[in-house]
Amino acid sequence: MKDTKISIILLALIAECCIIYASVLVKITAMSAINLGFYRVTLALPIFFVIAYYRSNIFLFSLRDVSFMLLAGIFFALDLLFFNLALRNTSVANVNLIAALVCFILVPIGVIFFHEKMKKSFLLGGIIAVCGVVILIKGRGIDSNASIYGDFLALLSVLCYGLFLALIYKLRRKYGTMEIMFFACFGSSITLFVLALCIEGFQIPQNCDEWWLVILIAFFGQVVGQGFFNYIMGKVNTQTSSLLLLFSPAIAALMGFLLLGEKLGFFEIIGIIIIMIGVYFAKRQAY
């Protein structure tokens, strides 16, 4: 049992490192946010299809379950839309810090729809985390790479991501990771393609360097990062899976500082610490 928990933690660390590395790459690409999200999921589709088709006959899945997978893909598409826009308007650390607040969406969903018991510490942690968010926003320094608008977009991303993870959690009780990811990515690809056409206009990477960045974002962010984390969703409950997201703020702040030179002000650091304490209190009984 202990070895299983260690394996899950290691997979969570690998998944979050890959997802955050992909978010760093998003910051340095010139391609627009929606088109970038489209390429991220579309380039991953063939990999998920080959593995899923090898493992099971995906064409025999019930229409109802496929519809839920496609719906999960639509929520993930909206998550990517707001996530990429947030990265263009605030720091990598802030985007991934706010992403850690997904537990305050997942836990109530787990209680209401999956009959999981809410821990008493959850409400206390929620109050502490909200105080941290206020300090984070109010305490932004003049040298900060963050903005209120970008943080708001990150919050919208968290809402969509929480709904996506809730559907994945339900589907993982019956289907494997690759099968779900294929249909979810298919739904995301169609959604983002339509949004790109309507809002930004369809774009093609202009040179080899741009193609290489897009491929890396798809591989690390979608295939490895999201693939591993969705695998974890089938092994633990909603509360434990959201606890594992606690790793992301520290990893994001470190990567943002080392790779992008992003600065954090004193009160922003205090806000981050308070939020992490709040999320810890909310989740400390998950294991």
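Right above here is the structure, for reference.
What counts and what doesn't
Residues numbered from 1 in each chain as written. Predicted model: local features only at pLDDT ≥ 70, side-chain atom pairs only at ≥ 80, totals over all residues. Heavy atoms only, no water. Helix = DSSP H or I, 4+ residues; strand = E, 2+ residues; numbered from the N terminus. Contact = heavy atoms within 4.5 Å. Areas by Shrake-Rupley, 256 points an atom, 1.4 Å probe, with all protein chains shown as cover. Axes fitted to C-alpha atoms, helices over the stretch in contact; angles between N-to-C directions. Parallel < 35°, antiparallel > 145°, perpendicular 65-115°, else oblique. Left-handed = near helix turned anticlockwise from the far one by under 90°. Polar contact = N/O pair within 3.5 Å; in protein donor to acceptor, adjacent residues only side chain to side chain. Buried < 20%, exposed > 50% of the residue type's maximum accessible area, 1.4 Å probe, protein only. Salt bridge = Lys/Arg side-chain N within 4 Å of Asp/Glu carboxyl O. Phe/Tyr/Trp six-rings, centres within 6.5 Å; stacked < 30°, edge-to-face > 60°. Patch = residues over 30% accessible without salt bridge, like charges linked within 9 Å, V, L, I, M, F, W, Y side chains within 5 Å.

Caption draft 1: Representation of the overall build of the protein chain. For the protein chain, the helix and strand inventory stands at 12 helices and zero strands. Reading the protein chain from its N end, one meets helices and strands in the order α-α-α-α-α-α-α-α-α-α-α-α. A separation threshold of at least 6 residues defines the contact pool for the protein chain, and within that pool the share at least 24 residues apart is 89%. Working note: accessible area of the protein chain is about 13100 Å², and carbon and sulfur atoms make up 72% of it.

Caption draft 2: View of the packing of helix α2 (residues 33-55) against helix α8 (residues 177-200). Orientation of α2 relative to α8, taken along the N-to-C sense of each, is 155 degrees, at an axis distance of 7 Å. With respect to α8, the axis of α2 lies roughly antiparallel. In this structure, α2 crosses over α8, and the sense of that crossing is left-handed.

Caption draft 3: Spotlight on the environment of serine 62. Along the chain, serine 62 turns up in the loop between α2 and α3 (63-87). At 3.1 Å, the side chain of serine 62 forms a polar contact with the side chain of aspartate 65.

Caption draft 4: How the structure looks around the side chain of asparagine 84. As for its placement among the helices and strands, asparagine 84 is situated in helix α3. Since its relative accessible area comes to 3%, asparagine 84 is described here as buried.

Caption draft 5: The pattern of salt bridges, seen in detail. All told, the structure shown has two salt bridges when counted by the stated rule. For the salt bridge of arginine 64 with aspartate 65, the shortest nitrogen-to-oxygen distance reads 3.8 Å. Relative accessible area serves as the criterion here: at 7%, aspartate 65 is assigned to the buried category. Bridged by salt links that share partners, the residues Arg64, Asp65 and Lys174 form one connected network.

Caption draft 6: Inspection of the packing of aromatic side chains at higher detail. Enumeration over the complete set of coordinates arrives at 16 aromatic pairs. For the pair phenylalanine 38 and tyrosine 39, a centre-to-centre distance of 5.4 Å together with 70 degrees between the ring planes defines the contact as edge-to-face. On the basis of relative accessibility, which here comes to 10%, the residue phenylalanine 38 falls in the buried class. Seen in terms of ring centroids, phenylalanine 182 and phenylalanine 183 are 5.1 Å apart; in terms of plane orientation they differ by 65 degrees. Their pairing is edge-to-face. Of the two residues examined, phenylalanine 182 and phenylalanine 183, each falls in the buried class. By the ring-pair criterion, three or more aromatic residues cluster together here, those being Phe49, Tyr53, Phe61, Tyr175, Phe182, Phe183 and Phe186.

Caption draft 7: Representation of the packing of α3 against α8 in the model. For the pair α3 and α8, interaxial distance at closest approach is 7 Å and the crossing angle is 50 degrees. On the basis of their axis angle, the class for α3 and α8 is oblique. Along this stretch, α3 crosses α8, giving a crossing that reads as right-handed. Between α3, through Val66, Met69, Leu70, Gly73, Ile74, Phe76, Ala77, Leu78, Leu80 and Leu81, and α8, the contact on the second element is made entirely by Glu179, Ile180, Phe183, Ala184, Phe186, Gly187, Ser188, Thr191, Leu192 and Leu195.

Caption draft 8: Structural view of the environment of serine 7. Relative to the assigned elements, serine 7 resides in helix α1 (residues 2-28). Looking at serine 7, the relative accessible area reads 40%, which means it is partly exposed.

Caption draft 9: Structural context of the side chain of glutamate 179. Along the chain, glutamate 179 falls in helix α8. Each residue touching glutamate 179, except ones within four places of it in the same chain, is listed here: Ala52, Arg55, Ser56, Ile58, Phe61 and Met69.

Caption draft 10: Main features of a nonpolar patch on the surface. A cluster of nonpolar side chains, contributed by Leu43, Phe186, Ile190, Phe193, Val194, Leu197, Phe202, Ile204, Trp211, Trp212 and Ile215, occupies part of the molecular surface with about 1000 Å² of accessible area. Listing elements by their share of the nonpolar patch, those giving two or more residues are α8 and α9 (208-233). Looking at the nonpolar patch, the element that brings in the most residues is α8, giving five residues. Looking at the element boundaries, tryptophan 211 is found in helix α9.

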